[in-house]
There are 2 protein chains.
Amino acid sequence: MHHDLLLRNVRPMGGPATDLLIRGGRFAAFGPGQEAPGVPVEDGGGALAIPGLVEAHTHLDKSLWGMGWLPHPAGPSILDKIEAERALRATGAIDPARQSARLLVQALRMGTTHIRTHVDVDDVAGLDGLQGVLATRAAYAEAMDVEIVAFPQSGILTRPGVAALMEEAMRMGAEVVGGLDPCAIDRDPKGHLDVVFGLAERFGRPVDIHLHEGGTMGAFSLELILERTRALGMKGQITVSHAFCLGDPDAALVNPLLAAMAELDVAVATTAPASRPVPALAKLRALGIRVCAGSDGVRDSWNPYGTADMLERAMLVGLRNNFRRDEEMEMALHACTHGGASVLRLDDYGLAPGHIADLVLLGAETPAEAVAAHPPRRLVVKRGRVVARKGEALVEAP
Amino acid sequence: MHHDLLLRNVRPMGGPATDLLIRGGRFAAFGPGQEAPGVPVEDGGGALAIPGLVEAHTHLDKSLWGMGWLPHPAGPSILDKIEAERALRATGAIDPARQSARLLVQALRMGTTHIRTHVDVDDVAGLDGLQGVLATRAAYAEAMDVEIVAFPQSGILTRPGVAALMEEAMRMGAEVVGGLDPCAIDRDPKGHLDVVFGLAERFGRPVDIHLHEGGTMGAFSLELILERTRALGMKGQITVSHAFCLGDPDAALVNPLLAAMAELDVAVATTAPASRPVPALAKLRALGIRVCAGSDGVRDSWNPYGTADMLERAMLVGLRNNFRRDEEMEMALHACTHGGASVLRLDDYGLAPGHIADLVLLGAETPAEAVAAHPPRRLVVKRGRVVARKGEALVEAP
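As recorded in an unreviewed UniProt entry, chain A goes by the name Amidohydrolase family protein, listed as coming from Roseomonas indoligenes.

In structure tokens, the structure reads:
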């Protein structure tokens, strides 16, 4: 389904007010005073227009969104969180199809038009999460693009059958091979990465690996990832999520890693947490490293925070990086728009004639103000169709 | 002016639904099924009720709120920011009465019922800021309580006449003596603190001193503050704002300072910035140190961020401190409610019979959810009077 729409009086990226004509789901023409008889018209009222937001790191399958408030069940470590989640999952309370649909609709009403979601593949959930998210993806295909990472949340080698489940997940429709902390979780970095990169090679798919490991351990794991990227000729196909080790203050540790990442076009996905070291966004960008951003879990057993708002995420990215100048705040927004689009390999993304007509209207003067104030979304348009208006989704959540 | 109001079906701090009867601006009775003929009734619809939010550190006099987006004018250092602000002030574009009123109304619609504002006293602004904020305080006295700190933003000793202006500010109605980075700005910590504590002693008023200085320099300044607090018998009357030196990882540096602060009941005001070291909230609280929170500047030449939302601030406090458990997130909210009330020396604050009827209703199940989601404010009540509804203030901003 492709749609025609004439948006009058909007300001793309804070520029002068103009009209945007959309035909067949793509931007057909920009310029004031457009006429298109028979095409539906929306008056933008001078709103700022930005491209559809890109949620490049989340976990749709296990959000508790809409299930009532659950006091945080986990202890402080990552292993605590894995165990708490396994216990919660085992109760059967989290229906991945329902929950992924709820969070998808919430993201949509906040202006997100593309999602990369990591979906748990483990010996408790099996492929239930994947089946649920695949169902949601099909049900909301008109309203949201979803890319799926098969994600071994509990490890691969220490959990029976997970390697085979990962392979099955790729056959079922996951587009990206996930991984997790090769040292800290499986306690066998070579073995973990052999499975992850083996699947990537066999299926010809990209990799997006969670790397929470800090300091020299994280740097070691990242070195192993970079060695395999080079050996397998996978330049441009790897994303490292979190990459806290790149926030280490020891430049002698970090700089060689950054140089290799730039050379191999390895991207970084950040959530810009305030309580952990994080890679410095401006430094990554100056080296030409692609950076995307994500909410991570939204109201799940890992993280009670979040409303799937990628403009609020841009604010958090800005605050974490101490960005105050407009061009810096635009860099934070870039991670939540074009940066995400580059990691998700989106063709024809952004506000330009010929490109796919995904956009958000909001009451802000400039992109920097949008980051600072993350105001309500007035209109969200997906492939030329209005999917949310005045902060309310026009598609239903279960 | 005192007001009567019956709030039906609200859940104080997430407890069971009940009715709150307000008479003469104070909570008169809590309990289901209240009847009060002739008293206006509001149906809370099961909303969460929390006390009015306390903005314990902001700068009402120099916000650019409502003036159009200004690209950030300053370089990265604090001295850069002071100079950029002096240049901006010198243009005369910032009317302190108008701007403080605009930001006050914005804060009110986000549920803030009490503000401590630092007001610049320097050789550029003179006492214009103070006069403006005093006018705003008088104009909005029914809707907001405002406490004023006379704040020597550009230093005291290096700027001619500022010490005399500070004294005049205290005479004019400022309640608290401010100060700023005794080493870094005036380059004369003894001289700076002699003026600050001298005024406090002479006027019998508390002190709230900005301390951005980190590491050993900040620790030295803090030692000097603590020495004077002890020598002058000012236990319980000092607030240190920011106190980044207390976020230093060197426990041998920090712990003796914390012990002395606990002994002298010196409070901390935090904005919980993501890009700077910050005092660990849970550690402060465990030692019995009072902690309040604030937005700091909202959209001014120091800081482009912010919407004066103290629930979003609670979220930022929570994220910065890696709070995930309900009791931790409630501690973040405490800093934005009761913690602030204790620093502002508010009598009869909080949701209890006999106390002043300042409260906020919002759509959240628990206080922790309010912190996580910072949802729109359904109703804001100040001394029994409804001052904001559905996110919109019922008092006008200029």
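Engineer: It is not clear to me how the nonpolar core should be interpreted in this structure. Could you clarify?
Structural biologist: If you look at soluble globular proteins, the nonpolar side chains tend to sit buried side by side. In this structure, A:Leu222, A:Leu246, A:Met261, B:Leu222, B:Leu246 and B:Met261 are the most contacted members of the largest nonpolar core, which totals 187 residues. When residues of this core are assigned to their parent elements, the largest contribution, 7 residues, is made by helix 7 (residues 251–264) of chain B. Residues within four places of A:Leu222 in sequence aside, it is in contact with A:Leu211, A:Val240, A:Cys245, A:Leu246, A:Leu257 and A:Met261.

Engineer: Which parts of the structure should I look at to understand the UniProt feature "domain: Amidohydrolase" (unreviewed entry) in chain A?
Structural biologist: According to UniProt, the "domain: Amidohydrolase" (unreviewed entry) feature falls on residues 42–388 of chain A. In the segment residues 42–388 of chain A, helix accounts for 39% and strand for 20%; the C-alpha atoms at its two ends are 13 Å apart.

Engineer: Hey, could you run me through the sheet that holds strand 14 (residues 377–382) of chain A in this one?
Structural biologist: The pairing of strands in a sheet happens through backbone hydrogen bonds and is either parallel or antiparallel. All names here are of chain A. If you walk across this open sheet you meet the 8 strands as 3-2-1-4-13-14-15-16, and the pairing is mixed. The sheet is open, and its two borders are formed by strand 3 (26–30) and strand 16 (392–393), each paired with just one other strand. Taken together, the 2 bridges between strand 15 (residues 385–389) and strand 16 define a ladder with antiparallel strand orientation. What sits directly across from Ala388, in strand 16, is Ala393.

Engineer: Sorry if this is basic, but what is going on with the interface of chain A and chain B here?
Structural biologist: A common way to express how large an interface is: the accessible area buried when the components associate. With 37 residues of chain A at the contact, the number on the chain B side is 37 residues. When the two sides are added together, the surface that chain A and chain B hide from each other amounts to roughly 3,100 Å², 56% of it contributed by carbon and sulfur. Summed over the three residues of chain A that lose the most area to chain B, namely A:Trp69, A:Tyr305 and A:Arg324, the buried surface amounts to 27% of that side. The interface formed by chain A and chain B contains 2 salt bridges. Ranked by the residues each element gives to the side of chain A that touches chain B, the list is headed by helix 9 (residues 310–320) of chain A, at 6 residues. For the side of chain A that touches chain B, a count of residues per class yields 17 nonpolar, 11 polar and 9 charged.

Engineer: Any chance you could explain the pairing of strand 4 (residues 41–51) of chain B here in plain terms?
Structural biologist: As a general feature of sheets, a regular strand has side chains that alternate between the two faces. Residue and element names in this part refer to chain B. Bridge count between strand 1 (residues 5–12) and strand 4: 6 bridges; the pairing is parallel. Its bridge partner lying in strand 4, Leu6 is registered against Val41. Relative to strand 13 (residues 359–362), strand 4 runs antiparallel, the two sharing 4 bridges. Bridging from a neighbouring strand, Pro51 pairs with Leu359 of strand 13.

Engineer: What is the right way to look at the packing of helix 4 (residues 162–172) of chain A against helix 5 (residues 189–203) of chain A in this model?
Structural biologist: Between two packed helices, the angle of one axis relative to the other and the distance separating the axes together describe the packing. Residues and elements named next belong to chain A. Their axes nearest at 11 Å, the elements helix 4 and helix 5 cross at an angle of 30°. The orientation of helix 4 with respect to helix 5, classified from their angle, is roughly parallel. Note that helix 4 runs across helix 5; the crossing there is right-handed. For the pair formed by helix 4 and helix 5, the contact residues are Ala163, Met166, Glu167, Met170 and Arg171 on the first element and Val195, Leu199, Arg202 and Phe203 on the second. For the contact of helix 4 with helix 5, the class distribution of residues is 6 nonpolar, no polar and 3 charged.

Engineer: What should I look at first to understand helix 3 (residues 128–139) of chain A in this one?
Structural biologist: Each α-helix winds once per 3.6 residues, and so residues spaced three or four apart point in a common direction. All names here are of chain A. Here helix 3 is 12 residues long and its end C-alpha atoms lie 17 Å apart, about the 16 Å a rise of 1.5 Å per residue gives. Inspection of helix 3 places Gly129, Leu130, Gly132, Val133, Leu134, Thr136 and Arg137 among the buried residues, and these make up the whole buried set. Contacts made by the buried residues of helix 3 are with helix 2 (96–109), strand 6 (112–120), strand 7 (145–151) and helix 4.

Engineer: Before we go on, may I ask you to explain the pattern of salt bridges in this structure?
Structural biologist: Opposite charge on two side chains allows them to pair when their charged atoms are near. Residue and element names in this part refer to chain B. Evaluated as defined, the whole model comprises 56 salt bridges over all chains. Its salt-bridge partner being Glu147, residue Arg345 comes within 2.5 Å of it at the nearest N-O pair. Pair noted here: Arg345 is in the loop between helix 11 (338–343) and strand 13 and Glu147 is in strand 7 (residues 145–151), with a separation of 198 residues, a long-range link. By relative accessible area, Arg345 is classed as partly exposed at 40%.

Engineer: Please explain the packing of helix 9 of chain A against helix 9 (residues 310–320) of chain B as it appears in this structure.
Structural biologist: At their nearest, the axes of helix 9 of chain A and helix 9 of chain B sit 13 Å apart, and the two run at 55° to each other. Considering their axes alone, helix 9 of chain A and helix 9 of chain B lie oblique with respect to each other. Of the two elements, helix 9 of chain A crosses helix 9 of chain B, and the hand of that crossing is right-handed. Of the residues in helix 9 of chain B, those touching helix 9 of chain A at A:Glu312, A:Met315, A:Leu316 and A:Leu319 are B:Glu312, B:Met315, B:Leu316 and B:Leu319. Residues belonging to the contact of helix 9 of chain A with helix 9 of chain B are distributed by class as follows: 6 nonpolar, no polar and 2 charged.

Engineer: For this particular structure, what's the right way to read the environment of A:Met67?
Structural biologist: All names here are of chain A. By the secondary structure assignment, Met67 is in the loop between strand 5 (53–58) and helix 1 (78–90). Along the primary structure Met67 and Arg102 are separated by 35 residues, whereas in three dimensions their C-alpha atoms are 9.8 Å apart. Beyond its immediate sequence surroundings of up to four residues, Met67 is in contact with Ala93, Arg98, Gln99 and Arg102.

Engineer: In this structure, what is going on with the relation of the copies chain A and chain B? I would like to understand it.
Structural biologist: The two chain copies are connected by a rotation around an axis plus a translation along it. Superposing chain A onto chain B requires a rotation of 180° together with a translation of 0.0 Å along the rotation axis, leaving an RMSD of 0.0 Å. Such a turn and shift between the copies fits a two-fold axis. If distances are taken from each C-alpha of chain A to the rotation axis, the shortest is found for A:Ala274, at 2.3 Å. By residue overlap, the copies meet face to face through one surface: 100% of the interface positions of chain A are interface positions in chain B.

Engineer: Looking at this model, I keep getting lost on the side chain of B:His210. Mind explaining?
Structural biologist: Mapped onto the fold, B:His210 is located in strand 9 (residues 207–211). Look past the residues within four positions of B:His210 in its chain and what remains in contact with it is B:His57, B:His59, B:His118, B:Phe151, B:Gly179, B:Leu180, B:Asp181, B:Ser241 and B:His242.

Engineer: What exactly am I supposed to notice about the environment of B:Asp248 here?
Structural biologist: Residues and elements named next belong to chain B. The residue Asp248 is located in the loop between strand 10 (238–242) and helix 7 in this model. Among the residues examined, Asp248 registers a relative accessible area of 24% and is labelled partly exposed. For the pair Asp248 and Val195, spaced 53 residues apart in sequence, the C-alpha to C-alpha distance is 28 Å.

Engineer: Explain the sheet that holds strand 11 (residues 267–270) of chain A here, please?
Structural biologist: Residues and elements named next belong to chain A. Read from one edge of the open sheet, 8 strands run 5-6-7-8-9-10-11-12, paired in parallel fashion. The open sheet is flanked by strand 5 and strand 12 (291–293), the only strands paired with a single partner. Taking the axes of each pair of neighbouring strands and ignoring which way they run, one obtains an average angle of 25° across the sheet. Here 2 bridges tie strand 7 to strand 8 (residues 176–180), and the two strands are oriented parallel to one another. In the strand pairing of strand 8, Ala150 is matched with Val177.

What counts and what doesn't
Residues numbered from 1 in each chain as written. Chains lettered and ligands numbered in written order. Predicted model: local features only at pLDDT ≥ 70, side-chain atom pairs only at ≥ 80, totals over all residues. Heavy atoms only, no water. Core = buried A, V, L, I, M, F, W, Y, C linked by side-chain atoms within 4.5 Å. Buried < 20%, exposed > 50% of the residue type's maximum accessible area, 1.4 Å probe, protein only. Helix = DSSP H or I, 4+ residues; strand = E, 2+ residues; numbered from the N terminus. Contact = heavy atoms within 4.5 Å. UniProt positions renumbered as here; feature names shortened; annotations may be inferred. Pairing = 2+ DSSP bridges. Buried area = accessible area lost by both parts, 1.4 Å probe. Salt bridge = Lys/Arg side-chain N within 4 Å of Asp/Glu carboxyl O. Nonpolar A, V, L, I, M, F, W, Y, C, P; charged D, E, K, R; others polar. Axes fitted to C-alpha atoms, helices over the stretch in contact; angles between N-to-C directions. Parallel < 35°, antiparallel > 145°, perpendicular 65-115°, else oblique. Left-handed = near helix turned anticlockwise from the far one by under 90°. Expected span 1.5 Å × (residues − 1). Least-squares fit on C-alpha atoms with pLDDT ≥ 70 in both.

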